[in-house]
Amino acid sequence: MKLFSKDKGIVLSCLNAALIIWITAAIVLTISNFTYIVFKDIEYTKEEYAIQYCSYPEYKEENDDCEIRYQQYKLDQRHSQRNYQRSIIISISNVIIVTGILLMINKK
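A short tour of the structure in this document, coming up. Note that this is a predicted model, so its numbers are computed, not measured.

Take the overall build of the chain next. A tally of regular secondary structure across the chain gives three helices and zero strands. Helices (α) and strands (β) of the chain occur, in sequence order from the N terminus, as α-α-α. For the chain, whose C-alpha radius of gyration is 24 Å, the value lies well above the compact-globule estimate of 13 Å for 108 residues. Long-range pairs, those at least 24 residues apart, make up 71% of the contacts in the chain between residues at least 6 apart in sequence. Summed over its atoms, the accessible surface of the chain is roughly 8400 Å², and 64% of this surface lies on carbon and sulfur atoms. Of the side-chain charges in the chain, 13 are positive and 12 negative, and the distance between the mean point of each set is 23 Å.

Structure (structure tokens):
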């Protein structure tokens with residue numbers, strides 16, 4: 001399959017170039033999302049979170065606030081992981097669709 005042969009017109013050559021750039025970006029995004037899923041962020045335990053974020057002097061009186069913020073932190077972690085999973089599915093489908101279009105356009 002020759003993407004940039006002289007037999008193809010300028011329009012098809014430009015379209016092929018745009019699709020090649022698009023598929024390259026889609027592959028990079030897929031790899032990026034995959035690394036976020038494989039190498040998860042560090043999840044703090046309740047004690048580690050309290051030491052890290054609730055040991056400041058202004059939070060000494062509001063100990064209950066630390067528990068609420070820890071629950072919000074755990075919820076945010078779950079939402080973040082779900083968003084990464086959704087993004088990798090979208091990225092993989094993007095790669096498949098663009099590859100299919102590129103193959104159909106350049107089919108003899």
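Attention now goes to the state of the cysteines. All chains considered together, the criterion is met by one disulfide. The side chain of cysteine 54 participates in a disulfide bridge whose partner is cysteine 66; the two sulfur atoms lie 1.9 Å from each other. Judged by the torsion about the S-S bond (95°), the cysteine 54/cysteine 66 disulfide is right-handed. You can see cysteine 54 sitting in the loop between helix 2 (46-53) and helix 3 (63-105) and its partner cysteine 66 sitting in helix 3, a full twelve residues away along the chain. By relative accessible area, cysteine 66 is classed as buried at 7%.

Aromatic ring pairs are reported here in terms of the distance separating the ring centres and the angle at which the planes meet. This model, assessed by the stated rule, comprises seven aromatic pairs. Look at tyrosine 44 and tyrosine 53: their rings are 6.0 Å apart centre to centre, the planes differ by 80°, and that puts the pair in the edge-to-face class. An angle of 40° between the planes, with centres 6.0 Å apart, marks the rings of tyrosine 44 and tyrosine 73 as tilted. Separated by 29 residues along the polypeptide, tyrosine 44 in the loop between helix 1 (10-38) and helix 2 and tyrosine 73 in helix 3 bring together distant segments of the chain. Ring pairs connect the aromatic residues Tyr44, Tyr49, Tyr53, Tyr70 and Tyr73, which therefore count as one cluster.

For the rest of this paragraph, the subject is the nonpolar core. Residues Leu3, Leu19, Ile23, Ala26, Val95, Val98 and Leu102 constitute the largest nonpolar core, which totals seven residues. Not counting residues up to four positions away in its chain, the partners in contact with isoleucine 23 are Val95, Val98 and Thr99. Core analysis: the next-biggest nonpolar cluster, separate from the first, contains five residues, Cys54, Cys66, Tyr70 and Tyr73 among them.

Reading the values: rules and limits
Residues numbered from 1 in each chain as written. Predicted model: local features only at pLDDT ≥ 70, side-chain atom pairs only at ≥ 80, totals over all residues. Heavy atoms only, no water. Helix = DSSP H or I, 4+ residues; strand = E, 2+ residues; numbered from the N terminus. Rg over C-alpha atoms; globule rule 2.2 N^0.38 Å. Contact = heavy atoms within 4.5 Å. Areas by Shrake-Rupley, 256 points an atom, 1.4 Å probe, with all protein chains shown as cover. Lys, Arg positive; Asp, Glu negative; His and termini not counted. Charge placed at Lys NZ, Arg CZ, Asp CG, Glu CD. Disulfide = S-S within 2.5 Å. Buried < 20%, exposed > 50% of the residue type's maximum accessible area, 1.4 Å probe, protein only. Phe/Tyr/Trp six-rings, centres within 6.5 Å; stacked < 30°, edge-to-face > 60°. Core = buried A, V, L, I, M, F, W, Y, C linked by side-chain atoms within 4.5 Å.

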